[in-house]
Amino acid sequence: MNSFGGNWTYQKIKIIENYAKAYLEIMKGRPYWKLLYFDGFAGSGEIRIDGAIDSKVIEGAAKKIVALKEPKMFDICYFVELDKSKAKNLQDSLYQIRKAGIFVVEDDCNRKLHDMAEFLKSEKGKNHKVLAFIDPCGMEVNWESLACLKGLPVDMWLLIPTGIGVNRLLRRDNHISEAWWQKLERFYGLSKELLNDTFYKTETILTLFGEEDIVFKDPKALKSIEKIYIDRLNEIFKYVSKPYVLKNKNQSVMFHFVLTSNSEVAIKIANDIIKKMAS
Ligand SMILES: C[S@@+](CC[C@H](N)C(=O)[O-])C[C@H]1O[C@@H](n2cnc3c(N)ncnc32)[C@H](O)[C@@H]1O
């Protein structure tokens, strides 16, 4: 079972569920499209929410989506989960709801995003539209895995680990291990030099022994972390929704949750859902 804390778990599941309902309502009138739901970080089917005193178990997004029957259902629901026992639990519990068109694969989401892109470009895949949910714990999604979706009929809800991932990784000085810089490069698809210039500033101070350069993290780093990622998403997709900001109980930003799409209508629906959730 997956175990997380915080309201953000409920909020992102509610958002994807509400969006899926609106999406299916629109697609009801377009029967020529085959609808594929792609969940890249599917979990075990259930989530334990740890509270201060007790904990409770809620249904994960996968079960909610597979249970949707009206106004129509997804033709194919494809779930990717790296952990073997979680993938097995997920398959068992989804099969209790529905078997036809349900696929659970034990694999890396990055690889399966590339496979999906190839499928959509193929003769077999060209009548498919995709709603994707990419819900990583941290910085597992490589930029290249998203870039391959350019020009394809994919609406994607993406959880961006701005606070919990990137901001935590960027130390106050820029003494970051090479492995971490490589992780940042893979995540943004940008060079270490460019990222360093974006997130760090240099100031020359006068010391007893002459001038000295000190490097420090830009106080506005969190804003830049979000902005450059969203600017990058805009290079792949025509539109990106307003972000829904997920915070922990201390009001620290953990994630930004956005919809990316090539459809303006999709973004309008997403922005409406986000606005209602935030009010
Ligand atoms: C935040 S949880 C997903 C929760 C799920 N969306 C739900 O509603 O229950 C992230 C899941 O991704 C899995 N995971 C981690 N890295 C992965 C990867 N590279 N590819 C696929 N799954 C991965 C973890 O085992 C974990 O179950």
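Participant: Sorry if this is basic, but what is going on with empty space enclosed by the protein here?
Facilitator: Counted under the stated rule, the structure contains one cavity of 30 Å³ or more. Computed from the structure, the largest cavity encloses a volume of approximately 40 Å³. Taken together, P136, G138, M139, E140, V141, L158, L159, I160, P161, F187 and Y229 make up the lining of the largest cavity. If one sorts the elements of the lining of the largest cavity by residue count, strand 8 (residues 154-160) sits on top with three residues. Tallied by class, residues from the lining of the largest cavity come to nine nonpolar, one polar and one charged.

Participant: What am I meant to see in the packing of aromatic side chains here?
Facilitator: Two aromatic rings, taken as a pair, are described by how far apart their centres are and by the angle between their planes. Counted according to the given criterion, the structure contains 15 aromatic pairs. Aromatic side chains Y37 and F74 sit 5.4 Å apart centroid to centroid with 50° between the ring planes, which places their arrangement in the tilted category. Placement of Y37 in strand 2 (residues 34-39) and of F74 in the loop between helix 2 (61-67) and strand 5 (76-81) is noted, with a sequence separation of 37 residues between them. Y37 gets classed as buried once you look at its relative accessible area, which sits at 0%. For F74, a relative accessible area of 1% translates into the label buried. Residues F133 and F257 carry aromatic rings whose centres are separated by 6.1 Å and whose planes lie at 65° to one another, so their mutual orientation is edge-to-face. Of this pair, F133 sits in strand 7 (residues 128-134) while F257 is found in strand 13 (residues 253-261), placing the two residues 124 residues apart along the sequence. For the pair formed by F133 and F257, the shared burial category is buried. Among the aromatic residues, those joined into a ring-pair cluster are Y19, Y23, Y37, F74, F79, F133, W157 and F257.

Participant: So what exactly am I meant to see when it comes to the environment of A20 here?
Facilitator: Here A20 is to be found in helix 1 (residues 8-27). Sequence-distant contacts of A20, that is, excluding residues within four places in its chain, are made with I65, L68, F74 and L131.

Participant: Honestly, the pairing of strand 13 in this entry has me stumped. Any pointers?
Facilitator: The side chains of a regular strand alternate between both faces of the sheet. Buried residues dominate strand 13, accounting for nine of its nine residues. Bridging between strand 8 and strand 13 involves five bridges; their strand directions are antiparallel. Each bridged residue has a counterpart across the sheet, and for M156 the counterpart in strand 13 is T260. Of the strand pairs in this sheet, strand 11 (residues 239-240) and strand 13 are connected by two bridges, and their pairing is antiparallel. Of the residues in strand 13, the one forming a bridge with V240 is T260. Examined bridge by bridge, strand 12 (residues 244-247) and strand 13 share four bridges and lie antiparallel to one another. Looking across to strand 13, one finds that V245 is bridged to H256. The turn linking strand 12 back onto strand 13 is made up of five residues, and Q251 within it adopts a positive phi angle of 65°.

What counts as what
- Residues numbered from 1 in each chain as written.
- Predicted model: local features only at pLDDT ≥ 70, side-chain atom pairs only at ≥ 80, totals over all residues.
- Heavy atoms only, no water.
- 1 Å grid on protein atoms, 1.4 Å probe; cavity = no way out; pocket = protein on both sides within 12 Å on 5 of 7 lines; lining within 4 Å.
- Points joined across faces, edges and corners; volume = space filled by probe spheres on them.
- Helix = DSSP H or I, 4+ residues; strand = E, 2+ residues; numbered from the N terminus.
- Nonpolar A, V, L, I, M, F, W, Y, C, P; charged D, E, K, R; others polar.
- Phe/Tyr/Trp six-rings, centres within 6.5 Å; stacked < 30°, edge-to-face > 60°.
- Buried < 20%, exposed > 50% of the residue type's maximum accessible area, 1.4 Å probe, protein only.
- Contact = heavy atoms within 4.5 Å.
- Pairing = 2+ DSSP bridges.

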